[in-house]
Amino acid sequence: MNDLLEFKKISKSFPGVLALNEVSFTVRRGEVTALVGENGAGKSTLLKILNGDYRHDSGQYLIDHEEKNFANPREAINAGISVIYQERQVIPYLSVAENIFMEDIPSGKLGMVNFRELNARAQEIINEFGLPFRASSRVRDLSVAYQQMVEIMKAYRRRPSIIAFDEPTASLSDAEIDSLFEIIRRLKTEMIILYVSHRMKEIFKITDQVVILKDGRFIRQEATAKIGEDEIIRSMVGRDLGGIFHSLSRNASIGGVVFSVENLRAPNVKDVSFSVRAGEIVGFAGLVGAGRTETMRAVFGADQKEGGTVKLFDRELQIRFPEDAIASGIALCPEDRKEQGIFSIRSVRDNISVVMLRSLVKKGFIDQRAELGLAEEGVRQLTIRTPSVYKTMGELSGGNQQKTIFARWIATRPKLLILDEPTKGIDVGSKFEIYQIICDLAKQGMGIIFISSELPEILGLCDRIIVMCQGRITGELAREEATDHKVLTLAMADMLGGKGT
Ligand SMILES: Nc1ncnc2c1ncn2[C@@H]1O[C@H](COP(=O)(O)OP(=O)(O)OP(=O)(O)O)[C@@H](O)[C@H]1O
Ligand SMILES: [Mg+2]
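Residues numbered from 1 in each chain as written. Chains lettered and ligands numbered in written order. Predicted model: local features only at pLDDT ≥ 70, side-chain atom pairs only at ≥ 80, totals over all residues.

Caption draft 1: Region of interest: the domain arrangement of the protein. Split into domains, the protein comes out as domain 1 (4–237), domain 2 (241–329 + 415–501) and domain 3 (339–413). Measuring from the centre of the C-alpha atoms in domain 1 to the corresponding centre in domain 2 gives 32 Å. Contacts between the two partners involve 11 residues from domain 1, matched on the other side by 12 residues from domain 2. Looking at the side of domain 1 that touches domain 2 residue by residue, the classes come out as five nonpolar, three polar and three charged. (Domains from an automatic or database assignment. Contact = placed C-beta atoms within 7 Å. Nonpolar A, V, L, I, M, F, W, Y, C, P; charged D, E, K, R; others polar.)

Caption draft 2: Here's a closer look at the pairing of strand 3 (residues 32–36). With respect to burial, strand 3 is a largely interior element, five of its five residues being buried. Of the two faces of strand 3, the one lined by V32, A34 and V36 and the one lined by T33 and L35 are each fully buried. Across four bridges, strand 3 lies against strand 8 (residues 192–196) in parallel orientation. Among the inter-strand pairings, T33 is bridged to a residue of strand 8, identified as L194. (Buried ≥ 20, exposed ≤ 12 C-beta atoms within 10 Å, placed from the backbone. Helix = DSSP H or I, 4+ residues; strand = E, 2+ residues; numbered from the N terminus. Pairing = 2+ DSSP bridges.)

Caption draft 3: Representation of the sheet that holds strand 7 (residues 162–166) within the structure. Within the open sheet, the six strands sit side by side as 6-7-8-3-9-10. Their pairing is mixed. On the outer flanks of this sheet lie strand 6 (81–84) and strand 10 (217–223), each paired with one strand and no other. Across this sheet, the average inter-strand angle for adjacent strands is 15°, counted without regard to direction. (Axes fitted to C-alpha atoms, helices over the stretch in contact; angles between N-to-C directions.)

Caption draft 4: Layout of the site of ligand 1. Near ligand 1 lie 20 residues; those nearest to it are F14, N39, S44, S397 and G399. For the shell around ligand 1, the secondary-structure elements that each account for two or more residues are strand 2 (17–28), helix 1 (43–50) and helix 15 (398–410). For the shell around ligand 1, the domains that each give at least three residues are domain 1 (4–237) and domain 3 (339–413). (Near = placed C-beta within 6 Å.)

Caption draft 5: The sheet that holds strand 11 (residues 257–266), seen in detail. Read across the open sheet, the four strands follow the order 12-11-14-15; overall the sheet is antiparallel. With partners counted over all chains shown, the strands left at the sheet margins are strand 12 (269–277) and strand 15 (315–316), one partner each. Sheet topology places strand 11 next to strand 12; six bridges connect them, and they run antiparallel. Bridge assignment links L264 to a residue of strand 12, and that residue is V272. The strands touched by helix 9 (residues 292–300) are strand 11, strand 12 and strand 14 (307–312); relative to strand 11, the strand with the most contacts, the crossing angle is about 110°.

Put into structure tokens, the structure is as follows:
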């Protein structure tokens, strides 16, 4: 058991970026420490140094007063450190058990893998977490949320003495977050815990200390109970954000119907019908698994439809693939950037222009000036933090990668823009900028579908809210009448015995 983790004047630079600038603070066992800061503040970089992925340029870190310097992740693991990354690291074609025991698969006689033991041991952990899948399931068949849970179980299984979570809840449902928090509370006395998150609610729920970073610098450390949300945000962002939804400049003139769906059917989508007007922001609320993502993927041609019609301006569309949707003027900014959006080894420019390439071709060549302009415009509009558009996408912080994907879809100037959890992993200050961009796009007459699991942003931003539960639309609320309570009641309507209270 370790008691103390100290960072002393840790610095780390990348070409053109000083990611960490003499960061010093101390973390203790028995307290969960939140690490907060804007996108690109240096949080993940610090965890990667602790995990032996990156070497720091100067400074030191000490565990129980002893200096450590891990050359690679293996050394860190052996020293009892588990870091759960922002980007999933599971191997999709292996089973849950194989992923959990990746580093030391129990072997029997002749070095053969003992699958029975492997599965039994993994199943114990799965049960402890109260999850409904089997140890022998392929990871690729699980939802993103469950894949994330596998990642957490893999780290937990090693019984580390230091565990760090980098935005672990970004794709988890409330129930899963609760079970994770229960586990964290239990672990607290046994290990040192670092917790990176952009969600203030969670920080106040689970952490005891807050460490605030800004632009790679340590700003302050406080007991969570002694610091308010506004003060954390002020220290992180450098300004006040009070009443953000009230200060949005919204679209006042909503036009005619741009887009409509009738009786759409697909896996987990049951007879869904709705429409979106020009300049209207339509929120889709519901619990994780309600069928919102599946509905939009079917609309966009990312998944196969089983029936129903999709119309843009009264014209029925035959969308079989995403290309058809894009060509018709529909854009979908996906929920899971890792799986559906990012080309990590390509530049920011390429990542923004990729779906526009066809229209950028002039006389058989890509108009590079136009391409560059498009990328620079996106970087400016979304304040993507990168020294240049030629930077490789994988070098951007998680939140900035998310913004880049958003920039890509805005660049297509669609008639209908579908945003699936667009603010996931985005810091509080940038969230506000994104809300304003969404309102500005609406003002230009774009129809917008906004899926989010965070009720305050749905209630604060949308003109109309459609609620789904178990693949069906259970209700619709106008902006003026919508409240948390009404949305949640509809979101659970089918689960409460189908009465639709
Ligand atoms: N491998 C890398 N190569 C180049 N630059 C990098 C690399 N990793 C991180 N950076 C840069 O270092 C800075 C800090 O990034 P980091 O990922 O630590 O931010 P973060 O606080 O985790 O942000 P987020 O909340 O968006 O995840 C950013 O400017 C980022 O672009
Ligand atoms: Mg990060």
